[in-house]
Amino acid sequence: MVLPEAELLLAPWSLFILGLLVGSFLNVVIHRLPMRMERRWVLDCAEVLGVKLTLPQSTTLDVSIAEAGVTPAPASVQVKVPGPITLSTPRSRCPSCQHQITWYENIPVLSYLWLRGKCSSCKSPISLRYPFIELATAVLFAAVGWRFGAQWTTLLWCGFVAALIAASAIDWDTTFLFDDVTLPLLWAGLVAAAMGWTLPLTQSLWGAVAGFLSLFLIAKTFELVTRRGEPAMGAGDFKLLAALGAWLGVQMLVPLVLAASLVGAVVGIAMKFGPGLREGRYVPFGPFLAGGGVLVMLAGPQRVMGWLGWV
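Analysis parameters
- Residues numbered from 1 in each chain as written.
- Predicted model: local features only at pLDDT ≥ 70, side-chain atom pairs only at ≥ 80, totals over all residues.
- Heavy atoms only, no water.
- Phe/Tyr/Trp six-rings, centres within 6.5 Å; stacked < 30°, edge-to-face > 60°.
- Helix = DSSP H or I, 4+ residues; strand = E, 2+ residues; numbered from the N terminus.
- Buried < 20%, exposed > 50% of the residue type's maximum accessible area, 1.4 Å probe, protein only.
- Expected span 1.5 Å × (residues − 1).
- Contact = heavy atoms within 4.5 Å.
- Axes fitted to C-alpha atoms, helices over the stretch in contact; angles between N-to-C directions.
- Parallel < 35°, antiparallel > 145°, perpendicular 65-115°, else oblique.
- Left-handed = near helix turned anticlockwise from the far one by under 90°.
- Nonpolar A, V, L, I, M, F, W, Y, C, P; charged D, E, K, R; others polar.

Enquirer: Please explain the packing of aromatic side chains as it appears in this structure.
Expert: Two numbers describe a pair of aromatic rings. These are the distance of the centres and the angle of the planes. Taken as a whole and judged by the stated rule, the model has eleven aromatic pairs. Taken together, a centroid distance of 5.1 Å and an interplanar angle of 40° make the contact between Phe 160 and Trp 247 tilted. Of the two residues, Phe 160 sits in helix α5 (residues 153-174) while Trp 247 sits in helix α8 (residues 235-248), which places them 87 residues apart along the sequence. Judged by its relative accessible area of 4%, Trp 247 is buried.

Written as C-alpha cells, this is what we have:
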C-alpha cells in the first residue's frame, strides 16, 4: 500500500522521466565500465609479471620481458595503460576535442536535439546511441510502471531493467558480461525474493541454479563433441541467465531462452550477409538473453505459460 503522493511518483509518466535520467547515467556506465576493467586487467598483469607501475595518467610503456622475470630472451613490448577513471570522474568530455560537457549539454534527449547531434565545440557527430539508450530506458520504465502498478517493488523491477540495458550494451560492444553487473543483479534477485518482494525464494534459488547450469552444461557438451579449443560460450552468459532465473523463477527459463535463441538466430543470420558481423563470425548472446528476460517480465508468468499451452 502506498500513499497517494507515492502513486503519483510511481505513475508510468513519472517513471518515464526517471528513465530518461537513469538512461543518461547508463550511458556513462556503458562507456566507462569497460575502460575501468581494461585498466584493472593491465595492472593485474603487471603485478603478475613483477612490473611496478606508478601511473597517475594514461600512458604507453615499454616493458622488458626479461625485467619482468619472463624467459627466454629479453624482448620489449608496448603496454597501453588507460588512465584512472570512475563513474563520476573525470567530467564527461568530447572524445574528439576534449571539450568539457556542460550541464545544459547533458540533458537527456533534449540536448542531443538542441545540439543537432554534434559537439558544440568541434562539431564532431555524437553517437545516436546516447539518446536511444535514454529513450529505451524511459519507455521500459514506463512499461514496468504499467505492468506492476503503483507499488514500491516497481522500482526494483526498474533497477532490474536498468542493469539489463547496461549489460546488453556492454556485451554488444565488447563481448564481455562483467561480474560488476551480473553478480549484483543475481544477488539482488535472491535478496528480493528472500524479502518477499518478488517471487518465492525457492523459485528464485532454483531459477538461479538452473539458469547457470543449463547454459554451462550445454556449452561444455558442445565443446566436448566438437573438440573445439576455445569456449563455446562465455561464462558471463551463465551468470546472466542465473540472475534472470533469480528474478523470474525457474519456470520462465525455457520461454526466455527460446525467445532469446529465436531472435538471436534471426539477427545473426541477417548480420552474416552484411558488414556488421565482427571478427570471429559470432554475435554476443547476452543482449538477447536480456531482451528475453524483459519480454517475459512484462508479459507475466500466466500469459507466458498460456502462450506455451502450459495452463
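Enquirer: Quick question: what am I supposed to make of helix α10 (residues 286-299) here?
Expert: An α-helical segment advances 3.6 residues per turn. Residues three or four places apart therefore align on the same side. Taking 1.5 Å of rise per residue, 14 residues should cover 20 Å, and α10 covers 20 Å from first to last C-alpha, within 8% of that figure. Counting buried residues along α10, eleven of its 14 residues qualify, which places the element largely inside the surrounding structure. Gly 286, Pro 287, Phe 288, Leu 289, Ala 290, Gly 292, Gly 293, Val 294, Val 296, Met 297 and Ala 299 are the residues of α10 that are buried. Close packing links the buried residues of α10 with α4 (129-148), α5, α7 (201-226), α8, α9 (253-272) and α11 (301-307). Gly 300, located one to two residues past α10, shows a positive phi value of around 90°.

Enquirer: Sorry, what's going on with the packing of α7 against α8 here?
Expert: Packed helices, taken two at a time, are described by their axes: the angle between them and the distance between them. In contact at an axis separation of 7 Å, α7 and α8 are set at 155° when each is read in the N-to-C sense. One way to sum up the angle between α7 and α8 is to call them roughly antiparallel. For the pair α7 and α8, the crossing hand works out as right-handed. Contact residues: α7 offers Gln 203, Ser 204, Gly 207, Ala 208, Gly 211, Phe 212, Ser 214, Leu 215, Phe 216 and Ala 219, while α8 offers Asp 237, Phe 238, Lys 239, Leu 241, Ala 242, Gly 245 and Ala 246. Here the contact of α7 with α8 is composed, by residue class, of nine nonpolar, six polar and two charged.

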